[in-house]
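The residues making up each chain are set out below.
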2 protein chains.
Amino acid sequence: MQLVRLVRIVSSLPRLASFCSPFSSSAEGAARLLRVGDVLRESRRFSESDVVRYSEVSGDRNPVHLDDAFARTVAGFDGGRVVHGMLVASLFPSVIASHFPGAVYVSQTLTFKLPVYVGDEVLAEVQATYLRQYKNKYMSDTTVKFTTKCFRNEDSLVVEGEATTIISTLSLSK
Amino acid sequence: MQLVRLVRIVSSLPRLASFCSPFSSSAEGAARLLRVGDVLRESRRFSESDVVRYSEVSGDRNPVHLDDAFARTVAGFDGGRVVHGMLVASLFPSVIASHFPGAVYVSQTLTFKLPVYVGDEVLAEVQATYLRQYKNKYMSDTTVKFTTKCFRNEDSLVVEGEATTIISTLSLSK
C-alpha cells in the first residue's frame, strides 16, 4: 500500500471510487489498460436504511443486523447492529464493474475477520494479481484475478479474499 | 441428494425453506440439534425489481444485470439480464440465519458456474459437514461448516462453495 501512487480519483460522495497504479507514469486522465499491481478502490458508509433494504431484498433477516439489543447483548457485538458481510463484500464486484462494465464474476473467496457496524467508513480495495488473455476469431477476453480487501475506519482489515473475473476490455475507462 | 429424507417443510411463498436430515428419525415438529449431514434449503425466484433494488443498495450497476440488450449482445448471456451472483449467494447466510438466528459468518467461498437469469427458480442448499463446540464458563458456541450450493430450475448447479459459521445454539427452531 505504501508503494501505491495515486493516478486519478473519481469522487462521488458518499461513495469514493479511485484507481491507483504502482507502475504507471501515464498522464492524468489518459485511459490505459489494467496491469498486474493496479489497485481499484471504493469507499462507502452503510446506513441503517441500507441494512434494512438489503435485508428485504436478500431475505437475510438475521437479528444481528436488525436488532441493536440482540446484536449487543445476545451476539456480543459492542457496536450494535452489524452490516451484512455479503453486503460489505458486494463492494468488490461493484468497484470492478464500475471500472469494467460487463465484467463477469467467476469466483470469490471471503473471510470475515471483524464486524462492520452501521455507520462505519469502509474502504474496499481490489488489486490485480493475474491477467491471462484468450481470444479466437470471434472474441477476446481476459481472466483477471484480484486480491480483495475491505478496511474499516481506515485501518482494521475486516474482509479479505480473492476474486476471479472475466473482462472483455482492460481499458480503465474512469 | 437421493438419500435425503424429508423431515419437515416450512413454506412461505414465494420463498420456500426446508430442513432435511439423512439420519433423523425424529417425529414431525420435534426440535432437535443440527448434525453433520443435515441439509437446509430455501428456494427463491429473483424478479426484475429484486435485481434493481439490489443494484441500488449494493451500488453494483454492472449493465449485465440491468440492461437486457447489453447482457444479450455484448456479454453474450442468451437469457438476458443476469441476477447478481452475490445476491444469489446471499441465500446461503439467509437460509442459515432463518434456522439459527444470531449465526455469525466467518467465511464463504463461491464459484459462479452458470448464470442465473431474472425469473429463474433458484434452490439454495447448505449441508452441515463439520461441527466443533467450544465453551468456557461464560458461553458455548459451535463452529459449523456447510457446503453451499445453488441449483437453477431444479437441475443445473449454478453456485457452489463452502461457508464457515459460528452458531450459539444448534437447536433447529423451524
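To be clear, the structure that these remarks concern was listed above.
Let me sum up the structure you'll find in this document. These numbers were taken from a predicted model, which means no experiment stands behind them.

**Some details on unusual backbone geometry**
All names here are of chain A. Phi angles above zero are rare outside glycine, and Glu154 is one such case at about 80 degrees. Relative to the elements of secondary structure, Glu154 occurs in the loop between β6 (140–152) and β7 (156–167). A relative accessible area of 78% places Glu154 in the exposed class.

**Points about the packing of aromatic side chains**
Taken as a whole and judged by the stated rule, the model has three aromatic pairs over all chains. Between Tyr54 of chain A and Tyr54 of chain B the ring centres are 6.3 Å apart and the planes differ by 50 degrees, which places this aromatic pair in the tilted class. Of the two residues, Tyr54 of chain A is situated in helix α1 (residues 48–58) and Tyr54 of chain B in helix α1 (residues 48–58); the pairing between them involves two chains. With respect to burial, Tyr54 of chain A and Tyr54 of chain B carry one shared label: buried. Above the face of the Tyr130 of chain A ring, Lys145 of chain A is positioned so that its terminal group lies 5.1 Å from the ring centre.

**A look at the nonpolar core**
Counting residues in hydrophobic clusters, the biggest one holds 68 residues, and the most contacted among them are Phe92, Phe146 and Cys150 of chain A together with Phe92, Phe146 and Cys150 of chain B. Residues in contact with Phe146 of chain A, not counting those within four places in the same chain, are Leu34, Leu40, Ile96, Val126, Gln127, Ala128, Thr129, Gly161, Glu162, Ala163, Thr165 and Ile167 of chain A.

**Digging into helix α5 (residues 91–99) of chain A**
Among the nine residues that make up α5 of chain A, eight are buried, leaving the element largely enclosed by the rest of the structure. Buried within α5 of chain A we find Leu91, Phe92, Pro93, Ser94, Val95, Ile96, Ala97 and His99 of chain A.

**Some words on the pairing of β7 of chain A**
All names here are of chain A. Inspection of the sheet shows strand β4 (residues 104–112) paired to β7 by eight bridges, in the antiparallel sense. Across the sheet, Val104 pairs through a bridge with Ile166, a residue of β7. Here β6 pairs with β7 via 11 bridges, running antiparallel. Each residue of the ladder has a partner; that of Thr148, found in β7, is Gly161. Joining the antiparallel neighbours β6 and β7 is a turn of three residues, in which Asn153 adopts a positive phi near 50 degrees.

**Some thoughts on the pattern of salt bridges**
Should their charged atoms come close, side chains of opposite charge can pair. Residues and elements named next belong to chain A. Following the criterion strictly, the structure yields 16 salt bridges over all chains and no others. Taking the shortest distance from any N to any O, the salt bridge between Arg81 and Glu48 comes out at 3.4 Å. One end of the pair, Arg81, is in the loop between α3 (68–74) and α4 (85–89); the other, Glu48, is in helix α1, and 33 residues separate them in sequence. Given the relative accessible area of 17%, Arg81 is considered buried. A salt bridge links Arg72 to Asp68; the shortest N-O distance between them is 2.8 Å. You can see Arg72 and its partner Asp68 sitting in helix α3, four residues apart, about one turn around the helix. Looking at Arg72, the relative accessible area reads 40%, which means it is partly exposed. The network of salt bridges with shared partners includes Arg44, Asp50 and Arg53.

**Observations regarding the packing of α1 of chain A against α1 of chain B**
Running from N to C, α1 of chain A and α1 of chain B point in directions that differ by 155 degrees, and their axes come no closer than 10 Å. In terms of orientation, α1 of chain A and α1 of chain B fall into the roughly antiparallel class. Between α1 of chain A and α1 of chain B the crossing geometry is left-handed. For the pair α1 of chain A and α1 of chain B, the contacting residues are Asp50, Arg53, Tyr54, Glu56 and Val57 of chain A in the first and Asp50, Arg53, Tyr54, Glu56 and Val57 of chain B in the second. Partitioning the contact of α1 of chain A with α1 of chain B into residue classes produces four nonpolar, no polar and six charged.

Here is what the cut-offs are and how they apply
Residues numbered from 1 in each chain as written. Chains lettered and ligands numbered in written order. Predicted model: local features only at pLDDT ≥ 70, side-chain atom pairs only at ≥ 80, totals over all residues. Heavy atoms only, no water. Helix = DSSP H or I, 4+ residues; strand = E, 2+ residues; numbered from the N terminus. Buried < 20%, exposed > 50% of the residue type's maximum accessible area, 1.4 Å probe, protein only. Phe/Tyr/Trp six-rings, centres within 6.5 Å; stacked < 30°, edge-to-face > 60°. Lys NZ or Arg CZ within 6 Å of the ring centre and 35° of its normal. Core = buried A, V, L, I, M, F, W, Y, C linked by side-chain atoms within 4.5 Å. Contact = heavy atoms within 4.5 Å. Pairing = 2+ DSSP bridges. Salt bridge = Lys/Arg side-chain N within 4 Å of Asp/Glu carboxyl O. Axes fitted to C-alpha atoms, helices over the stretch in contact; angles between N-to-C directions. Parallel < 35°, antiparallel > 145°, perpendicular 65-115°, else oblique. Left-handed = near helix turned anticlockwise from the far one by under 90°. Nonpolar A, V, L, I, M, F, W, Y, C, P; charged D, E, K, R; others polar.

Worth remembering: the numbers are spatial, not functional.
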